[in-house]
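# Fold and contact review
Chain by chain, the residues:
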Amino acid sequence: MAAMAPSVLVLLGVVLLVAGGRLCECAASGGGFSVEFIHRDSPRSPFHDPALTAHGRALAAARRSVVSRSFEYLMTVNLGSPPRSMLAIADTGSDLVWVKCKKGSNDTSSAAAPMTQFDPSRSSTYGRVSCQADACEALGRATCDDGSNCAYLYAYGDGSNTTGVLSTETFTFDDGGAGRSPRQVRVGGVKFGCSTATAGSFPADGLVGLGGGAVSLVTQLGGATSLGRRFSYCLVPHSVNASSALNFGALANVTEPGAASTPLVAGDVDTYYTVVLDSVKVGNKTVASAASSRIIVDSGTTLTFLDPSLMGPLVDELSRRITLPPVQSPDGLLQLCYDVAGREVEAGESIPDLTLEFGGGGGAAVALKPENAFVAVQEGTLCLAIVATTEQQPVSILGNLAQQNIHVGYDLDAGTVTFAAADCASSS
């Protein structure tokens, strides 16, 4: 999801680790922490529709990729003292962290209100940011309210927006990763939007911006702690009944065998994680090359979008190699579909592997197995989950289907994105 990119913001804060119910007075060790990364169609998500089949959920996710605004993953954050649990959209395509706030003591919002609202008056650690502060200026479209607080309007690429007051609060993260005993990681002084109004569809309690810009959670953690500006995730296949892991600090290091990095490059928006895609291979054959085609790595989009100059030759080569009976996409959304009813589809035989080769001096290559490149949209129908960019969707995107069972690490300090094949269900 595209947002307006702010400028420089430096956050000062303290990290406290809580174990066994006791507060541990220690600075962040740099060891990192992991939180649950919940797919919206997971049984652990409030948006899970039990009436949909696995194929129905896959088709719905593909449809969401081509609308202006959608979301795919959620994470829990706990705000304030005492902590208030909020379920927020996790978005690698925007920066601002914000939650829906109670407007005042007489706020009696209707059933159309969010599932949970944060009440600043009930927290002993809540603060507001002055409109004279650098952080307010970093938001771009912000003004002074009557109390000289920073009143912001944060807009997204599709015209939706959130308005409220830029605030500070203690954030508590539930860390249960890497086989450790559950603990909590508290970060003080996190700047976030206390939102009192939204325009557009924001069905969760708020949104955690994980982009590369100045006010994202990633940048703030890097400024407040020794964790660094880095995070990673390992996406469990949608067919697996398990959550993925979202990692920060040292746990974000991608150390699996075969890990390869590619440099981040400047894009139109600082928020986006943009890399260079040099070529596409089918099997061992390079079928399409591009002169430094830029592509965004994004967890919030299901399908992969490629420039037509890459997409055309890819479809031609797949059509030539795959001998399964072709069929039409259920709703015309996907270009290349096959009838696999009663057939054993084997990687490398019925359907060849694909490889995306990234450039920019890194030389990383990401192998896409059939389950990364194709999706079953109905019983017996398998479709290519890669589509061409259009005037309505002009940005090339490496979507989350292509990233399943791949440990993907983002390191803003090193300026890289790293990929490695992994068994994400086991690692999470």
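Preceding this paragraph is the structure being described.
What you see is a predicted model, and the numbers here were worked out from it, not measured in a lab.

## Some points on the overall build of the protein chain
A count of helices and strands for the protein chain gives seven helices and 28 strands. Here the protein chain holds 428 residues, and the buried ones make up 54% of them. Put simply, 68% of the contacts in the protein chain that link residues at least 6 apart link residues at least 24 apart. Approximately 17,600 Å² of the protein chain is accessible, and the part contributed by carbon and sulfur atoms is 49%.

## Thoughts on helix α1 (residues 54–65)
If you check α1, its first and last C-alpha atoms are 17 Å apart, about what 12 residues at 1.5 Å a residue would give, namely 16 Å. Residues of α1 that are buried make contact with β3 (33–39), β18 (304–306) and β23 (374–378).

## Details of the state of the cysteines
Under the definition given, this model contains five disulfides. Note that cysteine 101 is cross-linked by a disulfide to cysteine 194, the S-S spacing being 2.0 Å. In this structure, the disulfide formed by cysteine 101 and cysteine 194 twists by about -120° around the S-S bond and is classed as left-handed. In this pair, cysteine 101 sits in the loop between β6 (98–100) and β7 (127–128) while cysteine 194 sits in strand β11 (residues 183–199), placing the two residues 93 residues apart along the sequence. Residue cysteine 101 shares its accessibility class with cysteine 194, and that shared class is buried. Disulfide partner of cysteine 337: cysteine 383, at an S-S distance of 2.0 Å.

## Remarks on the pattern of salt bridges
With the rule as written, the count across this model stands at 11 salt bridges. Aspartate 41 serves as the salt-bridge partner of arginine 64, at 3.3 Å between the closest nitrogen and oxygen. Remark: aspartate 41 occurs in the loop between β3 and α1 and arginine 64 occurs in helix α1; sequence separation between them is 23 residues. Judged on exposure class, the residue arginine 64 and its partner aspartate 41 are both buried. For the salt bridge of glutamate 317 with arginine 321, the shortest nitrogen-to-oxygen distance reads 2.7 Å. One end of the pair is glutamate 317 and the other is arginine 321, both in helix α4 (residues 308–321) and four residues apart, which spans about a single turn. Members of the salt-bridge network, linked through shared partners, are Lys285, Glu317, Arg320 and Arg321.

## Quick look at the packing of aromatic side chains
Scanning the entire structure with this criterion turns up 19 aromatic pairs. Ring geometry for phenylalanine 118 and tyrosine 126: centres 6.4 Å apart, planes at 55°, overall tilted. Each member of the pair, phenylalanine 118 as well as tyrosine 126, carries the same accessibility label: buried. Here the aromatic rings of tyrosine 154 and tyrosine 156 are separated by 5.3 Å at their centres, their planes lie at 75°, and the arrangement is edge-to-face. Residue classification places tyrosine 156 among the buried residues on the basis of a relative accessible area of 4%. When the ring centre of phenylalanine 47 is taken as reference, the NZ or CZ atom of arginine 40 above it lies at 5.9 Å.

Procedures and definitions
Residues numbered from 1 in each chain as written. Predicted model: local features only at pLDDT ≥ 70, side-chain atom pairs only at ≥ 80, totals over all residues. Heavy atoms only, no water. Helix = DSSP H or I, 4+ residues; strand = E, 2+ residues; numbered from the N terminus. Buried < 20%, exposed > 50% of the residue type's maximum accessible area, 1.4 Å probe, protein only. Contact = heavy atoms within 4.5 Å. Areas by Shrake-Rupley, 256 points an atom, 1.4 Å probe, with all protein chains shown as cover. Expected span 1.5 Å × (residues − 1). Disulfide = S-S within 2.5 Å. Salt bridge = Lys/Arg side-chain N within 4 Å of Asp/Glu carboxyl O. Phe/Tyr/Trp six-rings, centres within 6.5 Å; stacked < 30°, edge-to-face > 60°. Lys NZ or Arg CZ within 6 Å of the ring centre and 35° of its normal.

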